[in-house]
Structure formats: C-alpha cells, structure tokens
Amino acid sequence: MGEAEFGLQDGVLMTRPGWLGPGEVVEVTFDPEVVTYASLLKHAKSKGCTDMVYTRTDEQQAHAAEVVGKQVKRSDEAIRVEGNKYYLTQS
C-alpha cells in the first residue's frame, strides 16, 4: 500500500472525525479494490492510532482482532460530529 502526496492513503475515499461513546474516533471510508481493511488497520497500528477500533461487520471484527488484539468493539452506532476535535487535529 503506497502513500500519496500530503500523507493521503491510496484507496481512502473519505475520513470523518467525531465521537463514539466517550472517545474521539475517525470513520474511514475506503475502496476495498484498492486497499484492504487489514492493510488500513496495520497502517493505523504503526502510527499508534488503534487505542480502540470500532468495527461495523463480523468480517471487520475478525480482521481487527487479528491485527490489534483486544481493543476492538463491534458497533453500529453512528458517530457524533460535535464539539472540539483538538486531539484529532494534533495527531
């Protein structure tokens, strides 16, 4: 998986910061024809961005558990886009 200019990831179509539960999260929309979910997880883990991974499907849950371990939770709850995104803008 290569990185495009300005730190963008190939295959990532959109990111959306927000809140899920008590923590800040980033929802990632990606093209699975270009980048796999497992590759995105490995990249996020290498950057220290996997304190908690929320998944949407059973397949994502299985991949995430393999890559990042126990800090994985299945959630169909929509993220809330509100409040200060200080920590996201600083990382």
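Trainee: Talk me through the overall build of the protein chain; I want residue IDs and the actual numbers.
Mentor: Across its full length, the protein chain carries three helices and four strands. Each helix and strand of the protein chain, placed in order from N terminus to C terminus, yields the pattern β-β-α-β-α-β-α. Across the 91 residues in the protein chain, those meeting the buried criterion constitute 25%. Of all intrachain contacts in the protein chain linking residues separated by at least 6 positions in sequence, the fraction that spans at least 24 positions is 39%. Just so you have it, the protein chain exposes about 6,400 Å², and 54% of that area is on carbon and sulfur atoms.

Trainee: Which residues make up the packing of aromatic side chains, and what are the values?
Mentor: How two aromatic rings sit relative to each other is given by the distance of their centres and the angle of their planes. The tally for this structure, following the rule as stated, stands at one aromatic pair. On the basis of an interplanar angle of 25 degrees and a centroid distance of 6.1 Å, the ring pair of Phe-30 and Tyr-37 is categorised as stacked. With respect to burial, Phe-30 and Tyr-37 carry one shared label: buried.

Trainee: Could you give an account of helix α2 (residues 58-68), naming the residues involved and the relevant values?
Mentor: Every buried residue belonging to α2 is among Gln-60, Ala-64, Val-67 and Val-68, and all of these are buried. The buried residues of α2 occupy an angular sector of 70 degrees when projected down its axis, which confines them to one face. For α2, exposure combined with an orientation more than 90 degrees from the buried face picks out Asp-58, Glu-59 and Glu-66. At its buried positions, α2 is contacted by α1 (37-46), β3 (53-55) and β4 (72-74). Positive phi shows up at Gly-69, right after α2, with a value of about 90 degrees.

Trainee: Give a detailed account of the side chain of Thr-55, specifying residues and quantitative values.
Mentor: Secondary-structure assignment places Thr-55 in strand β3. With residues up to four places along the chain from it excluded, the contact list for Thr-55 reads Tyr-37, Gln-60, Gln-61, Ala-64, Val-72, Lys-73, Arg-74 and Ser-75.

The rules behind each value
Residues numbered from 1 in each chain as written. Predicted model: local features only at pLDDT ≥ 70, side-chain atom pairs only at ≥ 80, totals over all residues. Heavy atoms only, no water. Helix = DSSP H or I, 4+ residues; strand = E, 2+ residues; numbered from the N terminus. Buried < 20%, exposed > 50% of the residue type's maximum accessible area, 1.4 Å probe, protein only. Contact = heavy atoms within 4.5 Å. Areas by Shrake-Rupley, 256 points an atom, 1.4 Å probe, with all protein chains shown as cover. Phe/Tyr/Trp six-rings, centres within 6.5 Å; stacked < 30°, edge-to-face > 60°. Arc of directions from axis to C-beta.

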